[in-house]
Amino acid sequence: MEDLAVTACVRPNSDFWAGKRVLLTGHTGFKGTWLSIWLARLGASVTGISLPPETEPNLFTLARPELAASHFQDIRDAARLAELVRMASPEIVLHLAAQALVRPSYQDPLGTFATNVLGTANLLEAIRSVPSARVVVAITTDKVYRNLEHAFPYRETDQIGGHDPYSASKAAAEITISSYRDSFLREQGVAVASARAGNVIGGGDWSMDRLLPDAARAWQSGKVLHVRRPEAKGPWQHVLEPLSAYLVLAERLYDDPTLAQAYNFGPVSHEAASVRQVIEIARASYGSGDVQYGDGTEGPHEARWLALETAKARHMLNIEPRWLLKEAVDRTMTWYRAQHGGADARALCEAEITDYEACP
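About the criteria used
Residues numbered from 1 in each chain as written. Predicted model: local features only at pLDDT ≥ 70, side-chain atom pairs only at ≥ 80, totals over all residues. Heavy atoms only, no water. Phe/Tyr/Trp six-rings, centres within 6.5 Å; stacked < 30°, edge-to-face > 60°. Buried < 20%, exposed > 50% of the residue type's maximum accessible area, 1.4 Å probe, protein only. Helix = DSSP H or I, 4+ residues; strand = E, 2+ residues; numbered from the N terminus. Core = buried A, V, L, I, M, F, W, Y, C linked by side-chain atoms within 4.5 Å. Contact = heavy atoms within 4.5 Å. Salt bridge = Lys/Arg side-chain N within 4 Å of Asp/Glu carboxyl O. Expected span 1.5 Å × (residues − 1). Bend = angle between axes of the 7 residues up to and from the residue. Pairing = 2+ DSSP bridges. Axes fitted to C-alpha atoms, helices over the stretch in contact; angles between N-to-C directions. Parallel < 35°, antiparallel > 145°, perpendicular 65-115°, else oblique. Left-handed = near helix turned anticlockwise from the far one by under 90°. Nonpolar A, V, L, I, M, F, W, Y, C, P; charged D, E, K, R; others polar.

### Things to note about the packing of aromatic side chains
Next up, step 1: Under the defined criterion, the tally for this structure stands at 13 aromatic pairs.
Next up, step 2: When the ring of Phe16 is compared with that of Trp17, the centres are 5.0 Å apart and the planes differ by 80°; the resulting orientation is edge-to-face. Like Phe16, the residue Trp17 is buried in the burial classification.
Next up, step 3: Centre to centre, the rings of Phe16 and Tyr254 are 5.2 Å apart; their planes meet at 85°, and the pair counts as edge-to-face. Of this pair, Phe16 sits in helix α1 (residues 14–17) while Tyr254 sits in helix α9 (residues 240–255), placing them 238 residues apart in sequence. This pair shows no difference in class: Phe16 is buried, exactly as Tyr254 is.

### Observations concerning the nonpolar core
Next up, step 1: Leu94 and Phe265 are the most contacted members of the largest nonpolar core, which has 75 residues in total.
Next up, step 2: At ten residues, the largest contribution of residues to this core is made by α9.
Next up, step 3: When near neighbours in sequence (up to four residues on either side) are disregarded, Phe265 contacts Ala195, Arg196, Ala197, Gln237, Ala245, Tyr246, Leu249, Leu308, Thr310, Ala313, Leu317 and Ile319.
Next up, step 4: Of all hydrophobic cores here, the second largest spans 24 residues; its members include Ile75, Val93, Val130 and Leu185.

### Regarding the pattern of salt bridges
Next up, step 1: Applying the stated criterion across every chain, the model contains 24 salt bridges.
Next up, step 2: Between Asp142 and Lys143 there is a salt bridge whose closest N-O contact spans 3.5 Å.
Next up, step 3: In this structure Asp142 comes out as buried when scored by relative accessible area, which is 0%.
Next up, step 4: The exposure class of Lys143 is partly exposed, given its relative accessible area of 23%.
Next up, step 5: Beyond isolated ion pairs, a larger network of salt bridges with shared partners links Arg41, Glu66, Arg346, Glu350 and Glu357.

### Let's talk about helix α6 (residues 109–127)
Next up, step 1: For α6, built from 19 residues, the straight-helix expectation of 27 Å at 1.5 Å per residue is met to within 8% by its first-to-last C-alpha distance of 26 Å.
Next up, step 2: At Leu118, α6 shows its largest kink, close to 30°.
Next up, step 3: Of all the 19 residues making up α6, 14 are buried; the element is thus mostly covered by neighbouring parts of the structure.

### Section: unusual backbone geometry
Next up, step 1: The omega angle of the peptide bond from Glu56 to Pro57 is 5°, so this bond is cis rather than trans.
Next up, step 2: Tracing the backbone shows Pro57 in the loop between β2 (45–50) and α3 (59–63).
Next up, step 3: The backbone of Asn318 sits at a positive phi, close to 60°, despite the residue not being glycine.
Next up, step 4: You can see Asn318 is positioned in the loop between α11 (311–317) and α12 (325–340).

### Regarding the pairing of strand β1 (residues 21–25)
Next up, step 1: Judged by how many residues are buried, β1 sits mostly within the fold: four of five residues are covered.
Next up, step 2: Bridge analysis of β1 against β2 gives five bridges, and the strand direction is parallel. Each bridged residue has a counterpart across the sheet, and for Arg21 the counterpart in β2 is Ser45.
Next up, step 3: Bridge count for β1 against strand β4 (residues 92–95) is four bridges, and the pairing is parallel. From the neighbouring strand, Leu23 faces β4, where its bridge partner is Val93.

### What about the packing of helix α4 (residues 78–88) against α6?
Next up, step 1: Between α4 and α6, the shortest axis-to-axis distance is 9 Å and the interhelical angle comes to 40°. Looking at the two axes, α4 sits oblique to α6. The crossing of α4 and α6 is right-handed. Here Ala78, Leu81, Ala82 and Val85 of α4 lie close against α6, whose contacting residues are Gly119, Asn122, Leu123 and Ala126.
Next up, step 2: Grouping the amino acids of the contact of α4 with α6 by side-chain chemistry returns six nonpolar, two polar and no charged.

### What to know about the environment of Phe113
Next up, step 1: Within the fold, Phe113 resides in helix α6.
Next up, step 2: Residues Phe113 and Ala168, 55 residues apart in the sequence, show an inter-C-alpha distance of 8.2 Å.
Next up, step 3: If near-sequence neighbours (up to four positions away) are discounted, Phe113 is found in contact with Leu118, Pro165, Ala168 and Ser169.

Below, the structure is given as structure tokens:
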């Protein structure tokens, strides 16, 4: 796949974030830890609310992000969540907390719906009683669309839905977000937007059923990587791409609440790639590794094709991807090799953020 040069990009503004009170849910997760590190670099005062880290190892423990406060709290507990939100008195809320895996959603559908729908509603309800709040960016997923698996990328006006409980719960969360924005929070002066991004890769993710973490685990231990659906195709992006988009979106919402809508974030649609393509890039980057490809029939239903149209983010927010597929995969595998060899996880993340911030 040929890389195309990116001529311009926007990046988070440290002058904006310095001193801002930020509430970050899901701060112990893979994306949440990266975002905690970045917000601290930008000078924000971050309060985190999340369950404890779920894997061992995990990036939160290894990277030790600097936080004003960290609370291990289930967002399904509405009363306690509301108390913590009032204590934090945030200006900006970044909502990442979720049950974020497709296959576990089949094993615990009720828990998935409770976390992703009612948990989101609990947070938005809590924000109603916080006069300091100005912006909410609620993270959903690219899988919120009613996926017909056609050749056309989905845009923000397309019908939402979901086959598996994870996708359905996130589609329901989108409806919840829109309802609270239109019924309550817009009149309160809070700009609420949802961000749809998926297939995020990068160092420090040790969740199960994640393609490149599974590859790193297998190859580091000399085992064969088993790939269930090699021809499944989707929009892959380095973790810093959507995180930068979330931060830039929050900045724009703070200044212009009329931008409070739903946004797709990801690579341009022709950069969508198959699992097989990603693994072959990863194997070349890693330098070795055995792979066994399945025939696509193993396990419960998972989408075989998904691409996003990101023109809205480009035109309305001036957000474009900086690192295309090969660089994103190469950086991910390099991160895992370096950390496995003894490098400090926090230093690895800081170095990648520094590289990303150096865009022209």
